[in-house]
Amino acid sequence: MLSRCFRSISIVPRNFIPITLSHYISKPQNNIPFHRIKASLSSVSTLTCIRPNTVTFQVRSIATVVDSVAGFGEVVVGPQRKYYFLGGKGGVGKTSCAASLAVKFAHHGHPTIVISTDPAHSLSDSFAQDLTGGVLVPVEGLNSPLFALEIDPERAKEDFRSASQKNGGSAVKDFMNNMGLGMLANQLGELKLGELLDTPPPGLDEAIAISKVMQFVESPQYSMFSRIVFDTAPTGHTLRLLSLPDFLDASIGKVMKLKQKLASATSAIKSVLGKAEEQQDVPDKLEQLRKRMTKVRDLFRDSNTTEFVIVTIPSVMAINESSRLHASLRKEHVPVQRLIVNQILPPSTSDCKFCTTKRKDQMRAIDMIKNDPELANLKIIQAPLVDLEIRGIPALKYMGNMVWT
Ligand SMILES: Nc1ncnc2c1ncn2[C@@H]1O[C@H](COP(=O)(O)OP(=O)(O)OP(=O)(O)O)[C@@H](O)[C@H]1O
């Protein structure tokens, strides 16, 4: 019956999205132009056609939402490369929002990469495709170029460890001890270098992973990609990630100063002993790492190229965490404009007490946003809880059309 209704969809008031995800997926031929039909939270859901091809509709429950403040026009415009980070509390829908944005960018002609920096990846699950392996994998089922990358944090950490140990870690310490420069070795100890290298702080793997991403996105081979979407780890992890470039920059700077001192001490000893000067090391990996850290930090802060979109759900706990996240992002000078409030229960017209109470509870939580000094000025994007899990390209397209209007 619904399929007959769709023939008359153009006369439906602009404020409705009258189908459910399950219907969208099962009847793709009836896909309707979402850009023409937006719903407000006060509207009700599943649209039932009483008489086909007429303006008479009975609105039941379930359907959909969306305040048209997402401004997809703003994020899609311009051929120059832009970076979007999607982050928030665990399980709120970061991956679904990131993957759906990436699909939508690709659909609008932007060659796009979606990257998961969450050690517990779910991009493969979200796209319902195997995207593992730590390399760029083409996403299937789209006519436009979209690639995905699930970063392998263990491999990245290993790379960092071996680079650092070869260049500034235990090899340096041993060398200093052999040269009778134990005092310098002690200073190195004070810097807790060993701790940094042997038991990297949480988030280091992610920072290194992002610096690796920087390395390959800077290469001309990848210059064609105009949108890079990051699906980040839950809040705590991501905050550590954002503050790490500064921390590492400072730590690596200290290590490098020590290395310089060590190099001049070594060459002084060698010249006294009359030994030939050794060839200078090939490019110092620590210096490379430091440069990449600086680039990551600058990238995080540039509002012309970067936006961090906070994703939340309508619960007091999630909104409080989003508020703290925004405060921390502001402190790190990371540009934030939008807050997605995901998984909002549509109004219930049935006598389901659970649904009514739950929705009231959610509405109270949403009201908190308006009074929260950190969140009140953000553009709020409301997205409904849909009737199926968001998995696979059709579901991601559906989600994209709901969220990114
Ligand atoms: N609006 C929605 N309606 C229905 N299901 C949703 C919605 N948004 C997300 N989901 C589902 O919720 C689950 C969690 O979503 P997702 O993996 O995107 O969250 P996440 O924040 O990335 O989680 P994690 O922190 O574990 O990485 C998934 O099963 C997803 O399909």
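With an unreviewed UniProt entry as reference, the chain is termed ATPase ASNA1 homolog 2-like, source organism Durio zibethinus. Taken directly from UniProt, the Sequence similarities (unreviewed entry) text for the chain runs: "Belongs to the arsA ATPase family." Of the chain, the UniProt comment under Catalytic activity (unreviewed entry) reads exactly: "ATP + H2O = ADP + phosphate + H(+)".

Novice: In this structure, what is going on with helix H14 (residues 353-371)? I would like to understand it.
Specialist: Since the α-helix packs 3.6 residues into each turn, any two residues three or four apart lie on the same face. Helix length check: H14 (19 residues) gives 28 Å between terminal C-alpha atoms against 27 Å at 1.5 Å per residue, within 8%. Arg 359, Gln 362, Ala 365, Ile 366 and Ile 369 are the residues of H14 that are buried. Along the axis of H14, the buried residues cluster in a sector spanning 120°; they form a single face. Of the exposed residues in H14, the ones pointing more than 90 degrees away from its buried face are Lys 353, Thr 357, Lys 360, Arg 364, Lys 370 and Asn 371. Along its buried surface, H14 packs onto helix H13 (316-331), strand E9 (336-344) and strand E10 (379-384).

Novice: Sorry, what's going on with unusual backbone geometry here?
Specialist: Of all residues except glycine, most have a negative phi; of all peptide bonds, most are trans. Phi is positive for His 333, which is not a glycine, with a value near 60°. Along the chain, His 333 falls in the loop between H13 and E9. For Gln 343, which is not glycine, the phi torsion reads 65° and is therefore positive. Among the structural elements, Gln 343 can be located in strand E9.

Novice: How should I be thinking about helix H15 (residues 393-403) in this particular structure?
Specialist: In terms of burial, H15 is a largely internal element, eight of the 11 residues being buried. For H15, every residue scored as buried is listed here: Ile 393, Ala 395, Leu 396, Tyr 398, Met 399, Gly 400, Met 402 and Val 403. Where H15 is buried, its residues meet helix H2 (21-26), helix H4 (94-107), helix H5 (123-127), E9 and E10.

Novice: Mind showing me how you'd approach the site of the ligand here?
Specialist: Not every one of the 19 residues close to the ligand is listed here, only the nearest: Lys 94, Thr 95, Ser 96, Pro 384 and Glu 389. Here Lys 94 contributes a side-chain N or O atom positioned 2.7 Å from an oxygen atom of the ligand. One of the side-chain N or O atoms of Glu 389 is found 2.7 Å from an oxygen atom in the ligand. Taken by itself the ligand offers 640 Å² of open surface, and the protein chains cover 80% of this. The cavity that encloses the ligand is the second largest pocket. Among the secondary structure elements, those contributing two or more residues to the shell around the ligand are H4 and E9.

Novice: Hey, could you run me through the nonpolar core in this one?
Specialist: The nonpolar side chains of soluble globular proteins are, as a tendency, buried together. Ranked by internal contacts, the top residues of the largest apolar core, which has 41 residues, are Leu 86, Phe 127, Leu 146, Ile 340 and Trp 404. If near-sequence neighbours (up to four positions away) are discounted, Leu 146 is found in contact with Ala 102, Val 103, Ala 106, Thr 112, Val 114, Phe 127, Val 137, Pro 138 and Val 139. With 29 residues, the next largest nonpolar core counts Ile 115, Phe 230, Val 296 and Val 341 among its residues.

Novice: Which parts of the structure should I look at to understand the pattern of salt bridges?
Specialist: Side-chain pairs of opposite charge can arise where the charged atoms are in close proximity. If you walk through the whole model with that rule in mind, you get eight salt bridges. The salt bridge partner of Glu 74 is Arg 338, with a shortest N-O separation of 3.1 Å. Taken as a pair, Glu 74 in helix H3 (residues 72-76) and Arg 338 in strand E9 lie far apart in primary sequence, 264 residues in all. Looking at Glu 74, the relative accessible area reads 40%, which means it is partly exposed. The partner of Asp 367 in a salt bridge is Lys 370, with the nearest N and O atoms 2.9 Å apart. Here the residue Asp 367 and the residue Lys 370 both occupy positions in helix H14, the gap between them amounting to three residues, near one helical turn. Here Asp 367 falls in the partly exposed class, since its relative accessible area comes to 38%. We classify Lys 370 as exposed; its relative accessible area is 59%. A single salt-bridge network, built from bridges that share partners, covers Glu 74, Glu 307, Arg 338 and Lys 379.

Parameters and conventions
- Residues numbered from 1 in each chain as written.
- Predicted model: local features only at pLDDT ≥ 70, side-chain atom pairs only at ≥ 80, totals over all residues.
- Heavy atoms only, no water.
- UniProt positions renumbered as here; feature names shortened; annotations may be inferred.
- Helix = DSSP H or I, 4+ residues; strand = E, 2+ residues; numbered from the N terminus.
- Expected span 1.5 Å × (residues − 1).
- Buried < 20%, exposed > 50% of the residue type's maximum accessible area, 1.4 Å probe, protein only.
- Arc of directions from axis to C-beta.
- Contact = heavy atoms within 4.5 Å.
- Near = heavy atom within 4 Å.
- Polar contact = N/O pair within 3.5 Å; in protein donor to acceptor, adjacent residues only side chain to side chain.
- Areas by Shrake-Rupley, 256 points an atom, 1.4 Å probe, with all protein chains shown as cover.
- 1 Å grid on protein atoms, 1.4 Å probe; cavity = no way out; pocket = protein on both sides within 12 Å on 5 of 7 lines; lining within 4 Å.
- Sits in = over half its atoms within 2 Å of the grid points.
- Core = buried A, V, L, I, M, F, W, Y, C linked by side-chain atoms within 4.5 Å.
- Salt bridge = Lys/Arg side-chain N within 4 Å of Asp/Glu carboxyl O.

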